[in-house]
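Descriptive analysis of the structure
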Amino acid sequence: MRHSKLVPEVNAGSMADIAFLLLIFFLVTATISSDEGINRMLPKECPPGMDCSNSIHERNILRIHVNNENDIMIEDDVVNIKDLKSITKTFLDNNGDGTCSYCNGSKATSASDNPTEAVISLQNGKQTTYKRYIEVQNEITKAYYELRHGYSMRVLKKLPENLSKEELKQVKEAYPLILSEAETK
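I will try to describe carefully the structure that is included in this document. Sequence positions are assigned chain by chain, starting from 1 and proceeding in written order. Per-residue local features of the predicted model are confined to residues with pLDDT of at least 70, and side-chain atom pairs are confined, for both listing and counting, to 80 or more; whole-chain, interface and lining totals are unaffected and use all residues. Hydrogen atoms and water are omitted, and side-chain values are computed over all heavy atoms in the structure.

1. Regarding the packing of aromatic side chains
- Ring geometry is summarised as follows: Phe, Tyr and Trp rings, the Trp one being its six-membered ring, pair when their centres sit within 6.5 Å, and such pairs are stacked at plane angles under 30 degrees, edge-to-face over 60 and tilted between the two. Overall, the coordinates contain three aromatic pairs when judged by the stated rule.
- Relative to Phe26, the ring of Phe25 has its centre 5.3 Å away and its plane inclined at 70°; by these criteria the two rings are edge-to-face.
- When the centroid spacing of 6.1 Å and the interplanar angle of 80° are considered together, the rings of Tyr151 and Tyr175 count as edge-to-face. Taken together, the positions of Tyr151 in helix H3 (residues 130–156) and Tyr175 in the loop between helix H4 (165–174) and strand E5 (179–182) put the pair 24 residues apart, joining distant regions of the chain.
- We call a residue buried when its accessible area falls under 20% of the maximum for its residue type, exposed when it is over 50%, and partly exposed in between, using a 1.4 Å probe and counting protein chains only. With relative accessibility at 4%, the residue Tyr175 sits in the buried group. Starting at the N terminus, helices and strands are each numbered in turn, a helix being any DSSP run of H or I of at least four residues and a strand any DSSP run of E of at least two.

2. Side note on the sheet that holds strand E3 (residues 77–79)
- Two strands are said to pair when DSSP picks up at least two bridges between them. Taken in spatial order, the five strands line up as E3-E2-E1-E4-E5 in an open sheet, and their pairing is mixed. Looking along the sheet, the strands with just one partner apiece sit at the ends: E3 and E5. Within this sheet the neighbouring strands show an average axis-to-axis angle of 30°, counted without direction.
- The sheet contact formed by strand E1 (residues 61–66) and strand E4 (residues 119–124) spans six bridges and is parallel. Fitting a line to C-alpha atoms yields each axis, with helices limited to the stretch in contact; the angle taken between N-to-C directions then spans 0 to 180 degrees.

3. Focus on the side chain of Glu167
- Along the chain, Glu167 turns up in helix H4.
- Residue Glu167 is classed as buried on the basis of its relative accessible area, which comes to 17%.
- Of the polar contacts made by the side chain of Glu167, one reaches the side chain of Lys158; its length is 3.0 Å.
- Whether two residues are in contact is decided by their heavy atoms, any of which lying within 4.5 Å being enough. Setting aside chain neighbours within four positions, we find Glu167 in contact with Leu156, Lys158 and Asn162. Whenever two N or O atoms come within 3.5 Å, that pair is a polar contact, provided that in protein one can donate a hydrogen and the other can accept it, and provided that, for residues adjacent in sequence, both atoms are side-chain atoms.

4. Points about the pairing of E4
- A large share of E4 lies buried, amounting to six of its six residues.
- Where burial is concerned, the two faces of E4 agree: the one with Val119, Ser121 and Gln123 and the one with Ile120, Leu122 and Asn124 are both buried.
- For E4 and E5, the ladder comprises four bridges, and the chain directions are parallel. Paired with Gln123 across the bridge in E5 is Ala182.

5. Looking at the packing of H3 against H4
- Packing of H3 against H4 brings their axes to within 10 Å, and their N-to-C directions diverge by 120°. Taken together, the axes of H3 and H4 lie oblique to each other. Once H3 is placed against H4, the crossing between them reads as right-handed. Here Arg148, Tyr151, Ser152, Val155 and Leu156 of H3 lie close against H4, whose contacting residues are Glu167, Gln170, Val171, Lys172 and Ala174. Angles below 35 degrees are treated as roughly parallel, those above 145 as roughly antiparallel, those between 65 and 115 as roughly perpendicular, and all remaining angles as oblique. Helix crossings get a hand from a simple test, with the near helix turned counterclockwise from the far one by less than a right angle marking a left-handed crossing and a clockwise turn marking a right-handed one.

6. Digging into the nonpolar core
- Buried residues of nine kinds, namely Ala, Val, Leu, Ile, Met, Phe, Trp, Tyr and Cys, make up a nonpolar core once their side-chain atoms join them within 4.5 Å. With 25 residues, the main nonpolar core has Ile64, Ile72, Ile74, Leu84, Leu92, Ile120 and Val136 as its most contacted residues.
- Looking at this core, the elements with two or more residues in it are E1, strand E2 (72–74), helix H2 (81–92), E4, H3 and H4.
- Top contributing element to this core by residue count: H3, with seven residues.
- Excluding residues within four positions of it along the chain, Leu84 makes contact with Ile64, Ile72, Ile74, Val136 and Glu139.

7. Examining the pairing of E1
- Judged from the three bridges that link them, E1 and E2 form a sheet pairing that is antiparallel. Bridge pairing in E2 links Val66 to Ile72.
- What sits between E1 and E2 in their antiparallel hairpin is a turn of five residues, with Asn70 showing a positive phi close to 65°.

8. As for the pattern of salt bridges
- The salt bridge definition used is simple: a Lys or Arg side-chain nitrogen within 4 Å of an Asp or Glu carboxyl oxygen. Scanning the model with the defined rule gives six salt bridges in all.
- Between Lys85 and Glu146 there is a salt bridge, with the nearest N and O atoms lying 2.8 Å from each other. In this pair, Lys85 is assigned in helix H2 and Glu146 in helix H3, connecting sequence segments 61 residues apart.
- Judged by relative accessible area, Lys85 falls into the partly exposed class, the value being 22%.
- Note that Lys142 and Glu139 form a salt bridge whose closest N and O atoms lie 2.9 Å from each other.

Below you can see the structure in the form of structure tokens.
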């Protein structure tokens, strides 16, 4: 009696098709998280019949202009991106004393009366790079974060992550992020 040493074969012809279909299925059904952006709240719409034109004293506006060459200018002076956070903090939180740490001896009008009245006006050139735009936004946000952190520690004697919703609202009201973005003229 002769025993055959034949091994039964498995038909693998459709295995590649099945693997391909599984790959397509997972690519189509998988969600790729790419939620990036800048968290900003748009102003509320003015109710009908109300006068919403709010005049802002020039002293309470910090004008930041990023030109087409990505230079950052404040009050017609070119500033370094590394100095933008401290300039913003000084503008916001100066107790209305009129000092201007970045004016280089020129007019000292760029010091807000109060953080609740301070407005950051950001204007970008048409050729400003997105990278520079984000860097400027980050420095402005860091300035607010540091001021809010300091307020939280000084007034509420708590770390920001330990604040209740009411306390967090109080901190945000003390240093409201008022950012105005305008197109280049």
